[in-house]
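Survey of secondary and tertiary structure
This is what each chain is made of:
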Amino acid sequence: MIPFPLLAVQAQLALLGIIVGGIIIFILMLFIFKYGWIYIQALASGAPVPLIQLIGMTLRRVNAKTIVDGRIMAKKAGIDIDTPTLEAHYLAKGHVLNVVQALIAANKANIELNFNRACAIDLAGRDVLDAVRTSVNPKVIDVPDPKKGKGTIDAVAKDGIQLKAKARVTVRANLERLVGGATEETIIARVGEGIVSTIGSAATYKKVLESPDDISKTVLGKGLDSGTAFEILSIDIADIDVGDNIGAKLQADQAEADKRVAQAEAEKRRAMAVAREQEMSALNVENRAKVILAEAEIPKAISQAFRAGNFGVLDYYNLRNIQSDTEMRNSISQSGKDSPKTE
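Quick look at the structure, then. (Residues numbered from 1 in each chain as written. Predicted model: local features only at pLDDT ≥ 70, side-chain atom pairs only at ≥ 80, totals over all residues. Heavy atoms only, no water.)

With that out of the way, let us pick up the overall build of the chain. On a plain count of helices and strands, the chain comes out with 12 helices and four strands. Out of the 343 residues belonging to the chain, those deemed buried represent 28%. Expressed as a percentage of contacts within the chain between residues at least 6 apart in sequence, the contacts between residues at least 24 apart total 70%. Total accessible area computed for the chain in this model is approximately 22900 Å², and 58% of it derives from carbon and sulfur atoms. (Helix = DSSP H or I, 4+ residues; strand = E, 2+ residues; numbered from the N terminus. Buried < 20%, exposed > 50% of the residue type's maximum accessible area, 1.4 Å probe, protein only. Contact = heavy atoms within 4.5 Å. Areas by Shrake-Rupley, 256 points an atom, 1.4 Å probe, with all protein chains shown as cover.)

As a further point, take the nonpolar core. Core analysis: the biggest nonpolar cluster contains 61 residues, and Leu 113, Val 169 and Ile 195 have the highest contact counts within it. Broken down by element, this core gets its largest block of residues, seven residues, from helix H5 (residues 96-108). Here Ile 195 is in contact with Ile 153, Ala 165, Ala 167, Ile 215, Val 219 and Ile 237, once residues within four sequence places are set aside. (Core = buried A, V, L, I, M, F, W, Y, C linked by side-chain atoms within 4.5 Å.)

Within helix H2 (residues 51-59), burial applies to Leu 54, Gly 56 and Met 57. Looking straight down H2, one finds that the buried residues subtend no more than 160° of arc, so they occupy a single side. Away from the buried face of H2 by more than 90 degrees, exposed residues Ile 52 and Leu 59 are located. (Arc of directions from axis to C-beta.)

Before going further, it helps to spend a moment on the packing of helix H4 (residues 83-91) against helix H6 (residues 115-123). Relative to each other, H4 and H6 sit at 15°, their axes nearing to 11 Å. By the angle class used here, H4 and H6 are roughly parallel. Note that H4 runs across H6; the crossing there is right-handed. Across from Thr 85, Leu 86 and His 89 in H4, the residues of H6 making contact are Phe 115, Cys 119, Asp 122 and Leu 123. A breakdown of the residues in the contact of H4 with H6 according to their chemical character gives four nonpolar, two polar and one charged. (Axes fitted to C-alpha atoms, helices over the stretch in contact; angles between N-to-C directions. Parallel < 35°, antiparallel > 145°, perpendicular 65-115°, else oblique. Left-handed = near helix turned anticlockwise from the far one by under 90°. Nonpolar A, V, L, I, M, F, W, Y, C, P; charged D, E, K, R; others polar.)

Attention shifts here to the side chain of Arg 71. Tracing the chain through its elements places Arg 71 in helix H3 (residues 64-76). Note on Arg 71: relative accessible area 12%, which makes it buried. The residues contacting Arg 71, other than those within four sequence positions of it, are Ala 47, Pro 48, Val 49, Asp 80, Ile 81, Asp 82, Thr 83 and Leu 86.

Closest axis-to-axis distance for the helix H8 (residues 184-200)/helix H10 (residues 213-220) pair is 9 Å, and the angle between their directions is 125°. What the angle tells us is that H8 and H10 run oblique. Here H8 runs over H10; the crossing is right-handed. On the side of H8, the interface is formed by Val 191, Gly 194, Ile 195, Thr 198 and Ile 199, while H10 contributes Ile 215, Thr 218 and Val 219. Residue composition of the contact of H8 with H10, by class: five nonpolar, three polar and no charged.

On the secondary structure map, Asp 154 appears in strand E2 (residues 153-156). Separated by 42 residues in the primary sequence, Asp 154 and Val 196 place their C-alpha atoms 7.0 Å from one another. In contact with Asp 154, not counting residues within four places along its chain, are Gln 162, Leu 163, Lys 164 and Val 196. Here the side chain of Asp 154 touches Thr 152 through a polar contact of 2.8 Å, side chain to side chain. (Polar contact = N/O pair within 3.5 Å; in protein donor to acceptor, adjacent residues only side chain to side chain.)

This brings us to the side chain of Ser 135. Of note, Ser 135 is situated in helix H7 (residues 128-136). Since its relative accessible area comes to 13%, Ser 135 is described here as buried. A polar atom in the side chain of Ser 135 sits 3.0 Å from the backbone oxygen of Ala 173.

Our focus in this paragraph is H4. One turn of the α-helix equals 3.6 residues, which is why residues spaced by three or four share an orientation. Turning to H4, its buried residues number three or more, namely Thr 83, Leu 86, Glu 87 and His 89. The arc enclosing the buried residues of H4, seen along the axis, measures out at 165°, which places them on a common side. Buried residues along H4 sit against H2, H3, H5 and H6. The positive-phi residue at the C-terminal boundary of H4 is Lys 93, with phi of around 65°.

Here it is in structure tokens:
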């Protein structure tokens with residue numbers, strides 16, 4: 001018979017083995033539940049991914065399903081991309097599925113695009129899939145951008161008439177210049193500048209209305225897509241209307257300004273004339289005061305002459321007679337001026 005202590009030890013070991021086995025089975029079931037379907041899906045799609053790599057993706061905080069889906073899509077399209085490469089782009093905060101779909105679209109459209117360039121475009125913040133689609137199917141940009149709140153490009157011809165134009169620019173994405181190239185805002189700004197320059201150089205607004213396609217040809221010939229992420233295919237004037245007579249308004253404003261300047265100058269001269277008149281009036285009063293002072297000295301001089309014996313009584317009376325005669329003549333002349341004329 002087996003001693004009781006030995007039976008107890010064996011029972012404990014058996015129980016421990018059952019617990020350990022249960023834990024192992026639970027962990028295996030957990031891994032199978034989490035990675036089994038992904039592993040089988042990759043294997044059945046001809047793009048197998050080792051189970052150990054799937055577990056490693058979790059440890060590296062990589063979404064295994066995203067990586068496997070991307071690898072399967074690429075493999076089915078005839079593009080071979082290994083999982084570490086996809087993981088690296090995922091860890092760089094890139095959009096793995098977007099990049100893979102862009103590579104597939106470029107491959108089907110015979111557009112040269114490798115994985116590294118697609119990743120660079122994606123990490124630069126551009127939608128690489130939309131760029132490939134734009135390369136295949138060109139997009140139309142409205143000038144000006146209606147989202148900015150302005151509906152037309154306003155320009156003035158040489159004859160002073162304002163024209164309001166709308167344009168539509170057909171562009172195709174240039175994948176080689178997508179990284180570091182200017183965006184749609186630059187295209188809109190350059191086309192708007194070209195329209196303003198072309199209309200401004202026209203002799204009359206009628207010439208522009210007769211052949212608006214000249215605007216398109218002139219603007220298109222300036223190479224506005226240089227340094228941008230797009231290639232301009234065409235520039236079409238969608239609408240052009242006649243605005244205000246800016247030249248006449250400017251001339252009217254200039255005439256009004258000239259009138260105000262002339263009025264200011266006239267007012268200045270009038271003020272100077274008034275000031276001069278006041279100065280002369282003051283000078284006249286001053287001179288009269290001097291005359292009165294001088295006349296006040298005459299009696300003193302006569303008295304002095306009397307005392308000195310140089311002036312007699314007859315001389316004094318003769319002087320008074322002359323003064324009276326002079327005053328009479330002055331009064332007669334003044335009365336003749338004031339009396340009305342008779343015919």
